[in-house]
Amino acid sequence: MTSARRNRKAYGVKGAPYAFLLPATILFALFFALPIGYAIWLSLHKVQVKGLGLGSGARKEVWAGLENYADALTDSELLAGALRVLGYGAVVVPVMLGLALLFALMLDADRVRLAPVTRLAIFLPYAIPGVVAAMLWGFLYLPDVSPFYFVLDRLGLPQPDLLDGGPLYLALSNIAVWGGTGFNMIVIYTSLRAIPAEVHEAAKLDGATPLQTALRIKIPMVVPSLVLTFFFSIIATLQVFSEPTTLRPLTNSVSTTWSPLMKVYQDAFRKGDIHSAAATAVIIALVTLVLSFGFLRAANSRTRQEAAR
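Here is what the cut-offs are and how they apply
- Residues numbered from 1 in each chain as written.
- Predicted model: local features only at pLDDT ≥ 70, side-chain atom pairs only at ≥ 80, totals over all residues.
- Heavy atoms only, no water.
- UniProt positions renumbered as here; feature names shortened; annotations may be inferred.
- Helix = DSSP H or I, 4+ residues; strand = E, 2+ residues; numbered from the N terminus.
- Core = buried A, V, L, I, M, F, W, Y, C linked by side-chain atoms within 4.5 Å.
- Buried < 20%, exposed > 50% of the residue type's maximum accessible area, 1.4 Å probe, protein only.
- Contact = heavy atoms within 4.5 Å.
- Polar contact = N/O pair within 3.5 Å; in protein donor to acceptor, adjacent residues only side chain to side chain.
- Arc of directions from axis to C-beta.
- Patch = residues over 30% accessible without salt bridge, like charges linked within 9 Å, V, L, I, M, F, W, Y side chains within 5 Å.
- Areas by Shrake-Rupley, 256 points an atom, 1.4 Å probe, with all protein chains shown as cover.
- Salt bridge = Lys/Arg side-chain N within 4 Å of Asp/Glu carboxyl O.

What UniProt calls "transmembrane region" (unreviewed entry) maps, in this numbering, to residues 20-41, 85-108, 120-142, 168-189, 221-241 and 274-296. Along residues 85-108 the backbone is 96% helical and 0% strand, and the end-to-end C-alpha distance reaches 33 Å. Summarising residues 168-189: 100% helix, 0% strand, and an end-to-end C-alpha distance of 31 Å.

What follows is the structure, encoded as structure tokens:
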């Protein structure tokens, strides 16, 4: 074999990984990096209107710098939406993860009947699209068509309006908890099943009860899964959109800017101000990135401290 042929063969072997990565890199650039870059470019520009805005050249795109960002950060509607999402997340995240952990521990118990069926039943709501789930629960919340209100009326019990005021947060949170608990349960349950059998046998030999085993062995060993599910839940909470948007036609308590992403949609497709919407979207992405990075860094630091002990 000549040296040139050996060099070509060696080059082909070294270049094989890059060839396999090329399709994924192209897709990443086209559908992730390029849209992000375009959104940032839009956020740094604005439309300048001359006169009545009629005729050619009356409207042109000019450099705006950080003007759109300043307007977004001082927008009272965006700030109010962010506070509403924080209240919504304060209900959704702990309840959803608490139920997911509870269900996972129950399914991991030694004596569980119909575990596969139960596991599927808990996970099934996650397979239902968010818009469909919001429509389903929305009609269950309506007093005129809900069977729950009919039963409460027959029993002479009070009938709270779940689509108005404070109960609205509970109504929206219920939809998210109902749909997301199954996914988080599967993640935690998979980690529980990965715990070596020797650990369970040692706990039994030491006389540990199932509750003690869960609290002192199982939960500490699935902390990485809890961190992962908490991370996903935070991102999903900050990006809430489909639930309030779907329920908005059913109640006057949900405004068109109830959440930050609804504000982005309103600015971009209702008002036609795509540059302001792009700036708001970039701000939401940066806040999500900072919170996620800060939480993961704190979790990793705590893990390293515990490992050092």
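Moving on from the coordinates now.
In this structure, Tyr88, Ile175 and Trp258 are the most contacted members of the largest nonpolar core, which totals 22 residues. Mapped by element, the contributors of at least two residues to this core are α3 (76-107), α5 (130-141) and α7 (167-193). The biggest single contributor to this core is α7, with 6 residues. Excluding residues within four positions of it along the chain, Tyr88 makes contact with Tyr169, Leu172, Ser173, Ala176, Thr237, Val240 and Trp258. The next biggest cluster of nonpolar side chains, apart from the first, holds 13 residues, and it includes Ala100, Leu101, Tyr189 and Leu192.

Attention now goes to the side chain of Thr229. On the secondary structure map, Thr229 appears in helix α10 (residues 223-238). On the basis of relative accessible area, Thr229 is assigned to the buried category, the value being 0%. A distance of 2.9 Å separates a polar side-chain atom of Thr229 from the backbone oxygen of Leu226. Leaving out residues up to four positions away in the same chain, Thr229 has contacts with Leu97, Asn184, Val187 and Ile188.

A word on helix α9 (residues 210-221). Of the residues making up α9, those classed as buried are Thr213, Ala214, Ile217 and Lys218. Here the buried residues of α9 occupy an arc of 130 degrees about the axis, which is enough to place them on one side. Residues of α9 that are exposed and angled more than 90 degrees away from the buried face: Leu211, Leu215 and Arg216. For α9, the elements touching its buried residues are α3, α7 and α8 (197-205).

Time to look at a nonpolar patch on the surface. A surface patch of nonpolar side chains, about 630 Å² in accessible area, is lined by Leu22, Ile26, Leu27, Leu30, Phe31 and Leu34. Within the fold, Phe31 resides in helix α1 (residues 3-43).

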